[in-house]
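Notes for the structure review
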Amino acid sequence: MMNEVKESLRSVEQKYRLFQQQQFTFIAALEHCRENAHDKIRPVSSIGQVQSYTEHHCGNSTDRRVLLMFLDICTELGKLCQHFEALHSGTPVTNDLLEKCKTLVSQSNDLSSLRAEYPHDMVNHLSCHEARNHYGGVVSLIPIVLDLMKEWVAHSEKLPRKALQHGAT
């Protein structure tokens, strides 16, 4: 079961690496959608907002593809949270990590103040102050959740085997 979870996590990381290469396309897509939605003031602050842009304000297939890629990764992260929960009943440390992940990937969670730290420098690649303010949270979401999940796996692997099997029953 733990190997399955680790494999799923690796798979999401691979998808994220592909997505990372398209960050500027992602930002441009969000920019186009914000223009179409006449929503240029507030930052992109939730997964739900990206979903809404994709469904109602997305004008071309390139934008749609990269926005769906982001949403797909977020969905996968949500499913991974469920797998983690099913794996074992948890310790205070793993439960705290899992709660953070679940909160971050919830559709309505406000991401606007979220910022990835070193070694994730994708926020620094955003060209100007406005871009950092409008998109810093949304581009920080996936790397932060992936780090929390890797930490969860590391802590969980240190647990006695019996504790891991307890959650799988």
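Computed from a prediction, not measured in an experiment: that's the story for all the values here.

**Section: the overall build of the chain**
- Each helix and strand in the chain was counted, giving 7 helices and 0 strands.
- Secondary structure elements in the chain, listed N-terminal to C-terminal, are α-α-α-α-α-α-α.
- Here the chain holds 169 residues, and the buried ones make up 43% of them.
- For the chain, restricting intrachain contacts to residue pairs at least 6 apart in sequence, the fraction spanning at least 24 positions comes to 72%.
- By element, 52% of the accessible surface of the chain is carried by carbon and sulfur atoms, the whole surface being about 9000 Å².

**Observations regarding helix α3 (residues 47-56)**
- Listing the buried residues of α3 in full gives I47, Q49, V50, Y53 and T54. Angularly, the buried residues of α3 cover 165 degrees about the axis, an arc narrow enough to put them on a single face.

**Observations concerning the pattern of salt bridges**
- By the definition in use, this model includes 13 salt bridges.
- Between D72 and K15 there is a salt bridge whose closest N-O contact spans 3.6 Å. Here K15 lies in helix α1 (residues 2-20) and D72 lies in helix α4 (residues 61-87), a separation of 57 residues in the sequence.
- Accessibility expressed as a relative area gives 27% for K15, which makes it partly exposed.
- With a shortest N-O distance of 3.0 Å, D39 and R42 are connected by a salt bridge.
- Residue D39 is classed as buried on the basis of its relative accessible area, which comes to 12%.
- According to the relative accessible area criterion, R42 is partly exposed, its value standing at 44%.
- When salt bridges that share partners are traced, they join E31, R34, E35 and K40 into one network.

**Some words on the confidence of the model for the chain**
- In this model, the chain carries an average pLDDT of 89, and 87% of its residues clear a pLDDT of 70 or more.
- Of all the helices and strands in the chain, helix α7 (residues 161-168) carries the lowest mean pLDDT, 56, while α3 carries the highest, 97.

**Notes on the environment of H38**
- Here H38 is to be found in the loop between α2 (23-36) and α3.
- The class for H38 is exposed, based on a relative accessible area of 75%.
- Note: C-alpha distance between H38 and H57 (19 residues apart in sequence) is 9.6 Å.

The rules behind each value
Within any chain, residue numbers begin from 1 and follow the written order of that chain's sequence. pLDDT decides what is reported in this predicted model: residues at 70 or higher carry local features, side-chain atom pairs at 80 or more are listed and counted, and totals for whole chains, interfaces and linings draw on all residues regardless. With hydrogens and water excluded, all non-hydrogen atoms of the structure serve as input to the side-chain values. In DSSP terms, a helix is any run of H or I states spanning at least four residues, a strand is any run of E spanning at least two, and both are numbered starting from the N terminus. For every residue, the accessible area obtained with a 1.4 Å probe (protein chains only) is divided by the maximum for its type, and the residue is called buried under 20%, exposed over 50%, and partly exposed between those limits. The contact criterion used is simple: two residues touch if any of their non-hydrogen atoms lie within 4.5 Å. Using the Shrake-Rupley algorithm and a 1.4 Å probe, accessible areas are obtained, with residue cover drawn only from the displayed protein chains. The arc in question is traced by the directions running from the helix axis to the C-beta atoms. Salt bridge criterion: a side-chain nitrogen from Lys or Arg within 4 Å of a carboxyl oxygen from Asp or Glu. On a scale of 0 to 100, pLDDT captures the predictor's confidence in every residue.

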